[in-house]
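These are the residues of each chain, in order.
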Amino acid sequence: MPADLSPIDKAKFVAAKRASEFVESGMRVGLGTGSTAAWLVRCLGEMVREEGLRIRGVPTSARTAALARDVGIDVISLDEAKWLDLTIDGADEFDPELNLIKGGGGALLQEKIVATASDQMIVIADAAKEVANLGAFPLPVEVVPFGWQTTQALLSETLEAMDVMGREITLRMNGERPYVTDEGNYIVDLHLGRIGNARQLALILNQMPGVVENGLFVDICDRVIVGHGDGRIELRDINAGTVTEDRMEFVEDDNLFRDL
Ligand SMILES: O=C(CO)[C@H](O)[C@H](O)COP(=O)(O)O
């Protein structure tokens with residue numbers, strides 16, 4: 001690990017490192033997507049190579065699958081695993097009820113399928129992801145390419161009927177072309193500003209014919225591990241309703257964070 005990690009990467013790393021302590025030999029583990037989840041995959045890879053951890057990982061994207069194989073994790077499909085003990089993933093936002101916005105990295109569909117097929121979901125995040133209300137981060141919605149503009153128009157009408165404040169909808173791009181998900185779909189981002197009722201919005205969005213899935217994760221996440229750039233860690237547990245504080249120290253000599 002490079003010593004010159006930025007505070008944000010240190011925050012992501014300590015959250016991932018702490019989450020790796022929940023992984024035990026024999027587990028089938030859902031592996032999230034994004035820069036924070038990538039730290040987790042690297043930490044687990046190190047545990048597999050150096051500590052003899054035996055796990056099977058179900059990645060939530062082609063990117064994560066490649067990284068997991070690279071670091072030595074045994075990768076299987078969700079259908080091979082059938083059910084998972086634990087999924088660990090990042091998030092774009094989480095609120096006090098541990099509801100989430102995900103999909104900033106474009107992997108929301110596989111992420112939601114995998115997290116829902118898990119006994120437990122742990123989210124790892126830097127403190128900037130914590131919000132009082134979801135919605136400042138644009139809500140990703142995965143749509144089928146066929147008739148996507150019609151779907152976008154329908155989305156727009158629906159938001160208007162719901163009296164949602166922000167209604168700008170943008171097609172996610174990859175350079176000059178639409179961004180294409182691992183499942184071959186497009187993503188439209190809903191710039192809402194504030195989401196009043198996440199559960200209701202999630203249900204309404206998923207009723208539209210062209211919509212495959214939306215990035216609202218309601219009642220899916222069990223625990224959030226928040227990392228800070230100075231090595232502090234907070235654990236938010238939805239069942240116990242507790243906030244536990246913990247700390248890791250960045251040891252510049254070894255270029256590693258260590259448990260205090
Ligand atoms: O939902 C996701 C990918 O679809 C990511 O978990 C989310 O975008 C957070 O990413 P990062 O850890 O890079 O901030």
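Residues numbered from 1 in each chain as written. Predicted model: local features only at pLDDT ≥ 70, side-chain atom pairs only at ≥ 80, totals over all residues. Heavy atoms only, no water.

(A) Structural detail: the site of the ligand. In the vicinity of the ligand there are 17 residues, among which S35, T36, D92, G103 and K129 approach most closely. Between the ligand and T36, the relevant distance is 2.5 Å, taken from an oxygen atom to a side-chain nitrogen or oxygen of the residue. With respect to the ligand, the side chain of K102 contributes an N or O atom lying 2.9 Å from an oxygen atom. Alone, the ligand offers 380 Å² of accessible surface; in the complex the protein occludes 90% of this. Residues of the shell around the ligand, tallied by class, amount to two nonpolar, nine polar and six charged. (Near = heavy atom within 4 Å. Polar contact = N/O pair within 3.5 Å; in protein donor to acceptor, adjacent residues only side chain to side chain. Areas by Shrake-Rupley, 256 points an atom, 1.4 Å probe, with all protein chains shown as cover. Nonpolar A, V, L, I, M, F, W, Y, C, P; charged D, E, K, R; others polar.)

(B) Geometry of the packing of helix 1 (residues 7-20) against helix 2 (residues 35-51). Running from N to C, helix 1 and helix 2 cross one another at 50°; their axes reach a closest spacing of 8 Å. Taken together, helix 1 and helix 2 sit at an angle that is classed as oblique. Our pair here, helix 1 against helix 2, has a crossing hand that is right-handed. Touching D9, K12, F13, A16, K17, A19 and S20 of helix 1 are S35, T36, W39, L40, C43, L44 and M47, all from helix 2. The residue inventory of the contact of helix 1 with helix 2, partitioned by class, reads eight nonpolar, three polar and three charged. (Axes fitted to C-alpha atoms, helices over the stretch in contact; angles between N-to-C directions. Helix = DSSP H or I, 4+ residues; strand = E, 2+ residues; numbered from the N terminus. Parallel < 35°, antiparallel > 145°, perpendicular 65-115°, else oblique. Left-handed = near helix turned anticlockwise from the far one by under 90°. Contact = heavy atoms within 4.5 Å.)

(C) Fine view of the pairing of strand 4 (residues 86-89). Residues L86 and I88 point to one face of strand 4 and T87 and D89 to the other, with burial holding for every one of them. In this structure, strand 1 (residues 28-31) lies alongside strand 4, joined through three bridges in parallel fashion. Following the sheet pairing, V29 is matched in strand 4 by L86. Pairing of strand 4 with strand 7 (residues 121-126) involves three bridges; the strand directions are parallel. If you follow D89 over to strand 7, its bridge partner there is V123. (Buried < 20%, exposed > 50% of the residue type's maximum accessible area, 1.4 Å probe, protein only. Pairing = 2+ DSSP bridges.)

(D) Seen up close, the nonpolar core. Membership of the largest hydrophobic core comes to 31 residues, with the highest contact counts inside it found for L44, I55 and I73. Elements represented by at least two residues in this core include exactly helix 1, strand 1, helix 2, strand 4, strand 7 and strand 16 (232-237). At seven residues, helix 2 tops the list of elements feeding residues into this core. If you look at the next biggest cluster of nonpolar residues, it comprises 25 residues, including L139, L190, I195 and L216. (Core = buried A, V, L, I, M, F, W, Y, C linked by side-chain atoms within 4.5 Å.)

(E) Region of interest: the pattern of salt bridges. The final tally for this structure, using the stated rule, is twelve salt bridges. Measuring nitrogen to oxygen at the nearest pair gives 3.7 Å for the salt bridge that ties R28 to D85. Of this pair, R28 sits in strand 1 while D85 sits in the loop between helix 4 (78-81) and strand 4, and the two are 57 residues apart along the sequence. The network of salt bridges with shared partners includes D89, K102 and E111. (Salt bridge = Lys/Arg side-chain N within 4 Å of Asp/Glu carboxyl O.)

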